[in-house]
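Residue strings, one per chain:
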Amino acid sequence: LAGAFVHLQKERLRPAEALFQLADRNLHKYPALHHATDVAGILGLISQWRAALAEREFGANHLGELPAPVIPLPE
């Protein structure tokens, strides 16, 4: 997941999407809350960033426009 944001910083949008997709696939194996990690919240974050990339057909980077990514803490 962190690698996806590194790719965004370097304006590599399709590789960023590939890593978001990989993180999504790997995290879907776990329950919504796993060892005090809000997996559902992280999946929501991934979904938000993937949607932003797809919205502009990978022609624009939302890194400076969207709020900084924050891994949600469980309640």
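The rules we used
- Residues numbered from 1 in each chain as written.
- Predicted model: local features only at pLDDT ≥ 70, side-chain atom pairs only at ≥ 80, totals over all residues.
- Heavy atoms only, no water.
- Buried < 20%, exposed > 50% of the residue type's maximum accessible area, 1.4 Å probe, protein only.
- Helix = DSSP H or I, 4+ residues; strand = E, 2+ residues; numbered from the N terminus.
- Arc of directions from axis to C-beta.
- Contact = heavy atoms within 4.5 Å.
- Phe/Tyr/Trp six-rings, centres within 6.5 Å; stacked < 30°, edge-to-face > 60°.

Caption draft 1: Summary view of helix α1 (residues 2-9). Listing the buried residues of α1 in full gives Ala4, Phe5, His7 and Leu8. For α1, the buried positions fall inside an angular range of 155 degrees around the axis, keeping them on one side. Turned more than 90 degrees from where α1 packs its buried face, Ala2 and Gln9 sit exposed. For α1, the elements touching its buried residues are α2 (13-27) and α3 (39-55). Of the residues one or two after α1, glutamate 11 is the one with positive phi, at around 65 degrees.

Caption draft 2: Quick peek at the packing of aromatic side chains. On inspection of all chains with the given rule, the structure shows two aromatic pairs. Both rings, one in phenylalanine 5 and one in tryptophan 49, keep their centres 5.2 Å apart while their planes meet at 85 degrees; by these two values the pair is edge-to-face. Of this pair, phenylalanine 5 sits in helix α1 while tryptophan 49 sits in helix α3; the two residues are 44 residues apart in sequence, bridging distant segments of the chain. Classification of phenylalanine 5 by relative accessible area gives buried; the value is 13%.

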